[in-house]
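The residues making up each chain are set out below.
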Protein chains: 2
Amino acid sequence: MAKLPQKVQIIPLGGLGEIGKNMTVIRYGDEMIVIDAGLMFPEDDMLGIDLVIPDITYLLENRDSVKAIVLTHGHEDHIGALPYVLKQLDVPVYGTRLTLGILAGRLKENNVPATNLVAVKPGDQIQVGCFKVGFIRVSHSIADAVAISVRTPVGTIVHTGDFKLDQTPIDGKVTDFYAFAELGTKGVLVLLADSTNAERPGYTQSEKSVGLAFDEAFRHARERIIIATFSSNIHRIQQAIDMAVKYKRKVAILGRSMINVVTIALELGYLTVPEGTLIDIDEIPNYPAAEIVILTTGSQGEPMAALTRMAMSDHKKIEILPGDTVIISATPIPGNEKMVSRTVDYLFRQGADVIYEATSGIHASGHASQEELKLIHNLIRPKFFIPVHGEYRHLKKHAKLAQELGMPKENIFVAENGQVLEFSPAQGAINGKVTAGNVLVDGLGVGDVGNIVLRDRRQLAQDGILIVVVTMDKQRSAVIAGPDIVSRGFVYVRESEQLMEEAREKVKQALEKCELNSITEWAVIKSNVRDTLGKYLYEKTRRRPMILPIIMEV
Amino acid sequence: MAKLPQKVQIIPLGGLGEIGKNMTVIRYGDEMIVIDAGLMFPEDDMLGIDLVIPDITYLLENRDSVKAIVLTHGHEDHIGALPYVLKQLDVPVYGTRLTLGILAGRLKENNVPATNLVAVKPGDQIQVGCFKVGFIRVSHSIADAVAISVRTPVGTIVHTGDFKLDQTPIDGKVTDFYAFAELGTKGVLVLLADSTNAERPGYTQSEKSVGLAFDEAFRHARERIIIATFSSNIHRIQQAIDMAVKYKRKVAILGRSMINVVTIALELGYLTVPEGTLIDIDEIPNYPAAEIVILTTGSQGEPMAALTRMAMSDHKKIEILPGDTVIISATPIPGNEKMVSRTVDYLFRQGADVIYEATSGIHASGHASQEELKLIHNLIRPKFFIPVHGEYRHLKKHAKLAQELGMPKENIFVAENGQVLEFSPAQGAINGKVTAGNVLVDGLGVGDVGNIVLRDRRQLAQDGILIVVVTMDKQRSAVIAGPDIVSRGFVYVRESEQLMEEAREKVKQALEKCELNSITEWAVIKSNVRDTLGKYLYEKTRRRPMILPIIMEV
């Protein structure tokens, strides 16, 4: 009989050195489970890309070993890749009811059958192959979020998922401190913990503090109130609705994802709304402005979202009215700062009063700051630690935090996606690497836009393209029509006729030179045209458009 | 004799509703002066654009009236357009010595003769036509910054320039409160004031507080210290040098703009550096790590700047060493957050310890917060107020502030670039508009890249381009070669051969249909090809590449 493995492996496939596409594999012998399968939003230089998902080659190469996917919560960066993953891997997916409710909606949008979703409750334990998987309630900026404990023959692994320690959560369901303490007492081999706010000293504000800020804003608002927030933050929406009820206002919901999530949350009982509070968008004109609250998407200034379109006077049904109070109940995700500022400016121009500054208390983060992280570490008391869910500096800061609590440096692993981290009861080490990386999704295409296409898009974006078309006689290798030059994204042609005429002359000269030197190989002719024209254009304009010579053979 | 005008006009040509390209015209009758001539950095959607300058059509249409340009300080958003403006307008430029020193460097880089630069000192008054122009010392994040007072026959106008009220400035030269108070007592008609930090309550930290933060960092650093900051912030550089001297370290300067500004500042006496403190980059290896400070550009994560290249192991002369302490002595300008984060991550990966958080005190803003703005308003006590130097929400906040101090709402003008604001001793009103806007600079081209070119670049950036080339016989209007399809930035062709083959078939069908229906007009043929192919590609890929049909006639 084969000797049982003495080590368990943890292999992150996404979420390290980046915020997004979280995916972690736990492997013991021939069995694996996967924690989360998220997407990432494209970087600024990933032109034209819609979203990024993890490269799951490793899972496909070991498809018979993959026993289950377990989910921590319903945010896109934890479930957004599943429509793509489940097309290739047929495994059960375990998650809490709200998480699976949101996932089911995503799968439906992508025409992927939702056949193998298994609902669990915080506190449940399930057996998956050799793994005993536990689900532990935590607070986060979405309801029904859990941490995952995985008992393996080698030891117990705890993954916090995304969390904060909110002592006054809106649904009254506090983080399960006892479960963490119990695990810590029994012994935890490896902890993987959320590093998003590892740079922030102190504690993250409770979600309840936002309710107080809402109360203040509602008390002063004399006309309509419009609140933009993340559609997935059910607790934030609950507080907005509670305030509306307190101040005797009706609530209309705006924006596809907001409507979707509120519908799921109402069905599953995660939102409590008194009868008659919710009204349809079309009913808004039936009420005085002082009796209206509009809950909307667009807190990140996203171009297509409802609030942004309202701000630009581009929404079919609603416009911003002078006297509106707009509350942007979110902070800009890094990279979105300018989009949010632009929306705020437009709202002011429309005569609204806008509450958006972090200082006004209208948003609280969903991630633990340093003091909460220290508490979790001291409850769980792991032997080894892998900071996760953060960019490199977040992981470094979190690692430093663990060191300050007394963990030996060699037991802390600031890892990279794809690295294989191996643990025995006494030892932990990095042992090799598997395939890991980004798969870019553009429209319906998954993975067909790679570096070459992106590089081309960047050049096109900077300086445009010039197409040089020439018709050549096959036999004589002589030019019989052209060269014609067409440009796009380079200059405004009407104003640059002289430049284009001179460019054409240069190309003609290059072609004549080729003919003179009996150069008939098209690749060489094209290369000459490209070099000559490129040099000329750079000299005249200091720009480097893409140059595409095309030879038509007749 | 013609009656003298009873009104003075203020016409902003840049700087309102935006941060950048500051330019304000003051006109009385046939005489104008211009305050500042700055550039703006391109918005994210201005693909391939290098910088943006104000449209000065109005000045060119009235070139004989323009008597002078007066400068408040040497930042790019106040002087950066002058190399372009002075090519078209020959007028004297007044500014303080450091401002003109920096400007002279810019003009030289752009081959513009610096023939008419007139140096002034804070406290000076000059007569320019009917205008009596005064220069008043203020604190800012660059030395030698001034506010401008303009006495006209109708009344006095005060423009604060960019300012903060730093009570402990590094050079000991405090803002000239007396001058402001005196103006206020004599009577000020219109105030134009810096709105950049109008959203921030309280006071802006003194520049000296950064010195304390530096001291703390220097005390703990055991190896090399690298400080990245804005090259124009002479006072910040002075403090860094003072700390180096205190801790017995040598200082090397890195980065073209940093070297330029330090050179100018040393020549003009704005920097005090003890003999032997500065060393060349090449001398760094001659000293122990603990005796080195490197002052560098790259505090905004700019791709070509020294610190960024060092972080990416891409600098010819210097690399980051484990143990280096890197201080990012700046906060990200809105829009630059991701670039700065990326550089910070790379620095951590190289083993450096990085101090970058706003909370660590290693940066202080150069702009007044709310309490300082209130003080300036109460010193100057203007009749009318135009908030300047800010995006719309900044201008609105600043306007609200003035109202809170008791100024009547109708005396406050939240204006737009190009609006003509007219004032008499008793009345102020908006009276018409002049040409104003953005001129885009790309390479050597000024203004030749406009909306159409940008729109094309955006489409190319998103989904690339397909070029369809067909050779047609002129007489028979029949296809004799092609259709050939070439794509760039669309798909990776090798993996999408089938798609491209099917696309080619679709185009053939469209061409055959045209021939069948005796359609010979090329515009119509191209339109058919574009529609057919576009529809097909969208159906298959959900992408909309640019489609460029080209017909070669033979």
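Here the structure is a predicted model, which means the values were calculated and not measured.

**Q** It is not clear to me how the interface of chain A and chain B should be interpreted in this structure. Could you clarify?
**A** Frequently, the measure chosen for interface size is the accessible area removed from exposure when the parts meet. Facing the 66 residues of chain A at the interface are 66 residues of chain B. A buried area of about 5,800 Å², summed over both sides, lies between chain A and chain B, and 57% of it is on carbon and sulfur atoms. On the chain A side of the contact with chain B, K338(A), R393(A) and M552(A) bury the most area, a combined 11% of that side's loss. On the surface where chain A and chain B come into contact, there are 14 salt bridges. In this structure, the connection of chain A to chain B is made through 18 residue pairs in polar contact (both at pLDDT 80 or more). Contributions of two or more residues to the side of chain A that touches chain B are made by helix 10 (337-349), helix 12 (392-404), helix 13 (451-463), strand 24 (465-473), strand 25 (478-488), helix 15 (522-541) and strand 26 (546-553) of chain A.

**Q** Quick question: what am I supposed to make of the side chain of H377(B) here?
**A** Its location among the elements puts H377(B) in helix 11 (residues 370-380). In this structure, H377(B) is in contact with L191(B), P382(B), F385(B), H398(B), A402(B) and L405(B), ignoring residues within four places of it in sequence.

**Q** Quick question: what am I supposed to make of the layout of surface pockets here?
**A** Rolled over the atoms, a probe as big as a water molecule pinpoints where empty space is left. Here the second largest pocket defines a volume of roughly 1,200 Å³. Considering the residues around the second largest pocket, the lining is formed by 34 residues, among which F348(A), D353(A), V354(A), K397(B) and K400(B) are closest to the centre. Those elements that provide at least two residues to the lining of the second largest pocket are helix 6 (207-220) and strand 18 (353-355) of chain A together with helix 12 (392-404) of chain B. Looking at the lining of the second largest pocket, the element that brings in the most residues is helix 12 of chain B, giving seven residues. Residue classes in the lining of the second largest pocket are distributed as 14 nonpolar, eight polar and 12 charged.

**Q** Could you clarify how one ought to interpret the packing of helix 14 (residues 497-516) of chain B against helix 15 (residues 522-541) of chain B in this entry?
**A** Two packed helices can be described by the angle between their axes and the distance between those axes. Residues and elements named next belong to chain B. At their nearest, the axes of helix 14 and helix 15 sit 9 Å apart, and the two run at 150° to each other. With respect to each other, helix 14 and helix 15 are oriented roughly antiparallel. The crossing of helix 14 and helix 15 is right-handed. Two secondary-structure elements touch here, helix 14 through L499, E502, A503, K506, V507, A510, L511 and C514 and helix 15 through I525, N528, V529, T532, L533, Y536, K540 and T541. When grouped by side-chain class, the residues that make up the contact of helix 14 with helix 15 number 10 nonpolar, three polar and three charged.

**Q** Would you take a moment to explain empty space enclosed by the protein for this structure?
**A** Residues and elements named next belong to chain A. Here the structure, examined in full by the defined rule, presents six cavities of 30 Å³ or more. Around the largest cavity, the lining is made up of 20 residues, and of these S139, H140, P169, D171 and H235 lie nearest the centre. In terms of residue class, the lining of the largest cavity is built from seven nonpolar, six polar and seven charged. In terms of residue class, the lining of the second largest cavity is made up of four nonpolar, eight polar and two charged.

**Q** Can you walk me through the UniProt feature "binding site: substrate" (unreviewed entry) in chain A in this structure?
**A** Residues and elements named next belong to chain A. Here, the residues flagged by UniProt with the feature "binding site: substrate" (unreviewed entry) are S231, S232, N233, H363, A364, S365, G366 and H367. Those annotated residues lining the largest cavity are, specifically, A364, S365 and G366. With respect to the helices and strands, the residue N233 is situated in the loop between strand 13 (225-228) and helix 7 (234-246). Residues within four places of N233 in sequence aside, it is in contact with S141 and E207. Here H363 lies in the loop between strand 18 and helix 11 (370-380). Every residue in contact with H363, bar those within four places of it in the chain, is listed here: V210, F230, R236, S329, A330 and T331. Within the structure, the side chain of H363 is placed 3.0 Å from the side chain of R236, a separation counted as a polar contact.

Definitions and limits used
Residues numbered from 1 in each chain as written. Chains lettered and ligands numbered in written order. Predicted model: local features only at pLDDT ≥ 70, side-chain atom pairs only at ≥ 80, totals over all residues. Heavy atoms only, no water. Contact = heavy atoms within 4.5 Å. Buried area = accessible area lost by both parts, 1.4 Å probe. Salt bridge = Lys/Arg side-chain N within 4 Å of Asp/Glu carboxyl O. Polar contact = N/O pair within 3.5 Å; in protein donor to acceptor, adjacent residues only side chain to side chain. Helix = DSSP H or I, 4+ residues; strand = E, 2+ residues; numbered from the N terminus. 1 Å grid on protein atoms, 1.4 Å probe; cavity = no way out; pocket = protein on both sides within 12 Å on 5 of 7 lines; lining within 4 Å. Points joined across faces, edges and corners; volume = space filled by probe spheres on them. Nonpolar A, V, L, I, M, F, W, Y, C, P; charged D, E, K, R; others polar. Axes fitted to C-alpha atoms, helices over the stretch in contact; angles between N-to-C directions. Parallel < 35°, antiparallel > 145°, perpendicular 65-115°, else oblique. Left-handed = near helix turned anticlockwise from the far one by under 90°. UniProt positions renumbered as here; feature names shortened; annotations may be inferred.

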